Amino acid sequence: MIDTAVDHPMDAVEWPMICREEETRQIISVLRTRSGPGVLITGEPGVGKTRLLDHILDRCAETGTLIVRGAATEATRNISGLGVAGLHIVGRSSAAACHGLSRLSRVLDEARRGASDGCPTTGRILLCIDDIEHIDAASAAVVGDLVRTTRVTLLLTARAGSCLDRRLTRMCGQGPPMVLRLANLSRAVVLRLLTRVLGGPVDGLTADVLWRISRGNPLLLRRVVGIGLDTGDLSPERGVWSWREAPGKPSRLHGLVAADLATLSAAESEALEYVALTGLLPRVTAEHLAGSSTISELVDRAVVAITSRAGADAVAMSHALQREALLARLGLLRRRQRYRQLAAAAAEIGVPDRDDPATVLWRLEAGLDVPMSHAVVASRLALASGDPVLAENLAQHVHGSPGSALRGQALIAQGRAAEAERLLADHGGDGGETVALRSLNLFWGLNRPAEAQEEMARALPSDAARSADLDVAELGLALFTRTAPLTGSAQARESVPFAETTQLPAMNEGALNPLVADAATVLRAYQLTFRGRPAQAAEDFDRGSLQLPARWPAMRGSAAACHVNALILAGRLRQALPLVEIYYEEAVRRAEPSEVAIAGQMRGHCWMWEGRPSRALAPLREARALVDEHTPFPLRVFIGCEYAVCLAALGRPQEAFEELDQIRALIPGSLSLHERLEFSRIRLLAHSGRPAHAAELANRLAELYLRESRLTTGVECAYYHVRLRPSHRAAARLREAADACDSSLFALFAAHGDALVARDGPVLRELAERFAELGYAGLALEAAQAMPGGGRAARRYVNDLADRCDGYRPPWLPPISAPLPSSSGNLPSLTSREREMCELAAAGLSNSAIAANLGISVRTVTNLLGRAYHKLGVHDRRQLADALSLST
């Protein structure tokens, strides 16, 4: 039930009716064929029964059907013959509008007179009555007589669950009507509806939360949206509508479900209090406290739902808003009483209190005597089982440094990095486990790598005294900070960060803190993927030796991103595409913003690899809008970089470079994340019509990354270099780097480079077909458009590939029949070599630097620039960017 008495300015806004086409078709079909007495539309309050009825009546009026409409009211339900109010003929000013079906003949006479006076009709009369659960017996009998003796067809609405058998029998004596149960809106429909009403995209997490709060009920959804707009909690972030705080907190929302809670019996209310306090209550405990019939009734009414926990049934509240409202009205004494009853029930059932973290918390909250050691063990168990909120609640009852350390870990697992650091720094102690956690949290959660390194430096340098937790933390820093391990073995300290000698310790979860174990999974996946072993990383995920972390949501999202990225780089894009949708849906269902942001970025990343930037924009924009302080720092960089590249690919270079500059400001100079930033800059330059500058940067970075054994990014840079400036040297370098990796996709990159240099049309065609077969349509388009000669068949093939890319064509591609690859641009008076000189000069390179990069003399550079200056009408380097219409 919804409190429909709440007025709000949002009510004045016309919300569209969407996704009711099938119901409309069924109702119209029945009314036209007159199969039976008519149609009864049922559904819960606010589901849109009257709105659908209005839509049906509009359709019927267009066909000339005479429509008489009224509504039954609760005020007159017990007054014989007055059960329907406001009867009138739709579309006419009627003096005969009246109350009571006993005077319906006057309305029908007026309708017939209108028809005889020339008003076009079909001779059919449609009698519409809202809320027939309130109609009295006498009025129902009158309606039944009309149905039997005239051409009247019924269109009725009633609240779901109403007892209507006798009324319907009286009203539809010749047979039952077609009953259509109007369901609440699905999550996908709610997303579409919100997008239309708010006038812009809505992030998937917000749509899911609003869907769950409203249960897909249109009226309740409208009320919640209105309150969110009033409070400012629902607002656009980077063009995407998001609910920034936890929905359900504003007390005004609680009033929307007050009517629902008021209909519960005393036994049902008590049972619901147990479930609300625990969040997830074992079914056996719930039925022991409230009785199986009460729990079954709550399940039937969809107030609670049965779910699974540790292989056993558990009871959870169906709607977060109801839980928030219920908890808000529970006082301290009432809570303590309920916790005592929960603890007693657990004891009577035989649950060992020290083995079950939830039972330990109930006893603590009830004020019962619990040894402190039991609370410590219970908190650790809760964290290890993936329930950081329960772990935090238990840790609140542990005093001193042990409690602070436990709370800090629980806060890290919830993405509350700043709170965790304050606790661990002040009271967490200085053991190896705490040092490792602080170091990971400072870097991964707070972007404070210098402090993370300082924390690691505090660890004992002795190999014998160190812990496996410290091994994971220090190598995690080495992976992202370009620094050798500080406290590990001599071999590790002497190794290059990405070289084969730098290894994570064996992931024996028994030897690692649970959160550190989660981090170890992610770091292992990163290490394999970016060291040139994406196929091995993907295979490890396939066979389960790498699994998504269970306890730390941010790490779970990061590991999922590694899995998808490994598949893409291993040439398995077609497997990555459905998998990323699964990861996205799971993240939305868990309501974890950081996970949703990461999964959204990977959805966009997949479509970018597919060559479809127009489709990638929406998920990347959603991911960018969801980024906040809870998003793991490295993933913030990846999300921003991919979003910037997508903007550039869609012809928005200024926004793209501004986005990249914002990301650059986040990254301290010591971090190897700069390589991802610089690789993104290559892509931005290429997409922004500056292929020569992009090629020069790609060449320089490929040389650097491959020399430092950062193979994956080195291969990607080398591949861009050979595509933008084909040469034997560039192709040979790419071939050597690809051979050092395990990716079949990288082997195709190398073959593509060789074919571009050799201008081998048949091989380019084979490569295009292979890329297309694997799902990389953008790369297929590049290979096909580089085929020499052209011809009608070649142009048709290229156009088909462009259609698969939604019309996107990389700006550096040559015309299909061009004899040599050349840069596209808006200045045909410049030769490709002259334009290349101008781009490099505009980027700030001196004549000697340009000559060294291109392997030509300084005199040649000077002559080419001189001719270009003359054509462009400029006099120095400062004027080149504007003259070339380059975006910086």
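Residues numbered from 1 in each chain as written. Predicted model: local features only at pLDDT ≥ 70, side-chain atom pairs only at ≥ 80, totals over all residues. Heavy atoms only, no water.

## Considering the confidence of the model for the protein
Next, step 1: The pLDDT averaged across the protein works out to 81; a share of 82% of its residues lies at or above 70.
Next, step 2: When the criterion is pLDDT under 50, residues 1-9 qualifies, and its contacts beyond four places in sequence or with other chains add up to 25 contacts.
Next, step 3: Here residues 486-502 is modelled with pLDDT under 50, and outside its nearest four sequence neighbours on either side it reaches 46 contacts, counting other chains as well. (pLDDT = per-residue confidence, 0-100. Contact = heavy atoms within 4.5 Å.)

## What to know about the packing of aromatic side chains
Next, step 1: Summed over the entire model, instances satisfying the criterion amount to 11 aromatic pairs.
Next, step 2: Taken together, a centroid distance of 6.4 Å and an interplanar angle of 25 degrees make the contact between Phe 530 and Phe 638 stacked. Note that Phe 530 is positioned in helix α25 (residues 514-530) and Phe 638 in helix α31 (residues 633-649), a separation of 108 residues in sequence.
Next, step 3: Judged by relative accessible area, Phe 638 falls into the buried class, the value being 14%.
Next, step 4: Considering the side-chain rings of Trp 609 and Tyr 776, the 5.9 Å spacing of their centres and the 85 degrees angle between planes classify their relative orientation as edge-to-face. Of the two residues, Trp 609 sits in helix α29 (residues 593-609) while Tyr 776 sits in the loop between α38 (761-774) and α39 (777-785), which places them 167 residues apart along the sequence.
Next, step 5: Among the residues examined, Trp 609 registers a relative accessible area of 16% and is labelled buried.
Next, step 6: What makes Tyr 776 buried here is its relative accessible area of 0%.
Next, step 7: Among the aromatic side chains, those forming a connected cluster through ring pairs are Phe 443, Trp 444, Tyr 526, Phe 530 and Phe 638. (Phe/Tyr/Trp six-rings, centres within 6.5 Å; stacked < 30°, edge-to-face > 60°. Helix = DSSP H or I, 4+ residues; strand = E, 2+ residues; numbered from the N terminus. Buried < 20%, exposed > 50% of the residue type's maximum accessible area, 1.4 Å probe, protein only.)

## A look at the packing of helix α34 (residues 691-707) against helix α36 (residues 728-739)
Next, step 1: Where α34 meets α36, the closest approach of the two axes is 12 Å, and the angle between their N-to-C directions is 30 degrees. Relative to α36, the element α34 is oriented roughly parallel. For the element pair α34 and α36, the recorded crossing hand is left-handed. From α34, Asn 699, Ala 702, Glu 703 and Leu 706 reach across to α36, where they touch Arg 729, Arg 733 and Ala 737. (Axes fitted to C-alpha atoms, helices over the stretch in contact; angles between N-to-C directions. Parallel < 35°, antiparallel > 145°, perpendicular 65-115°, else oblique. Left-handed = near helix turned anticlockwise from the far one by under 90°.)

## Some details on the environment of Leu 801
Next, step 1: Checked against the element boundaries, Leu 801 lands in helix α40 (residues 792-804).
Next, step 2: Residue classification places Leu 801 among the buried residues on the basis of a relative accessible area of 3%.
Next, step 3: Separated by 33 residues in the primary sequence, Leu 801 and Ala 768 place their C-alpha atoms 9.2 Å from one another.
Next, step 4: Contacts of Leu 801, omitting those with residues within four sequence positions, involve Ala 772, Ala 780, Leu 781 and Ala 784.

## Considering the sheet that holds strand β10 (residues 304-309)
Next, step 1: One open sheet accounts for 3 strands, arranged β9-β11-β10; its pairing is antiparallel. Lying at the two open borders of the sheet, with one neighbouring strand each, are β9 (281-282) and β10.
Next, step 2: For β9 and strand β11 (residues 312-317), the ladder comprises 2 bridges, and the chain directions are antiparallel. Across the sheet, Leu 281 pairs through a bridge with Val 315, a residue of β11. (Pairing = 2+ DSSP bridges.)

## Some remarks on the pattern of salt bridges
Next, step 1: Scanning the entire structure with this criterion turns up 41 salt bridges.
Next, step 2: Two residues, Arg 238 and Glu 659, come together in a salt bridge whose shortest N-O distance is 3.3 Å. On the criterion of sequence distance, the pair formed by Arg 238 in the loop between β7 (234-237) and β8 (240-243) and Glu 659 in helix α32 (residues 653-666) is long-range, its members being 421 residues apart.
Next, step 3: For Arg 238, a relative accessible area of 35% gives the class partly exposed.
Next, step 4: For the salt bridge of Arg 556 with Glu 595, the shortest nitrogen-to-oxygen distance reads 2.7 Å. Of this pair, Arg 556 sits in helix α27 (residues 553-569) while Glu 595 sits in helix α29, and the two are 39 residues apart along the sequence.
Next, step 5: The exposure class assigned to Arg 556 is buried, which follows from its relative accessible area of 11%.
Next, step 6: Accessibility expressed as a relative area gives 4% for Glu 595, which makes it buried.
Next, step 7: Residues participating in the shared-partner salt-bridge network are Asp 54, Arg 69 and Asp 130. (Salt bridge = Lys/Arg side-chain N within 4 Å of Asp/Glu carboxyl O.)

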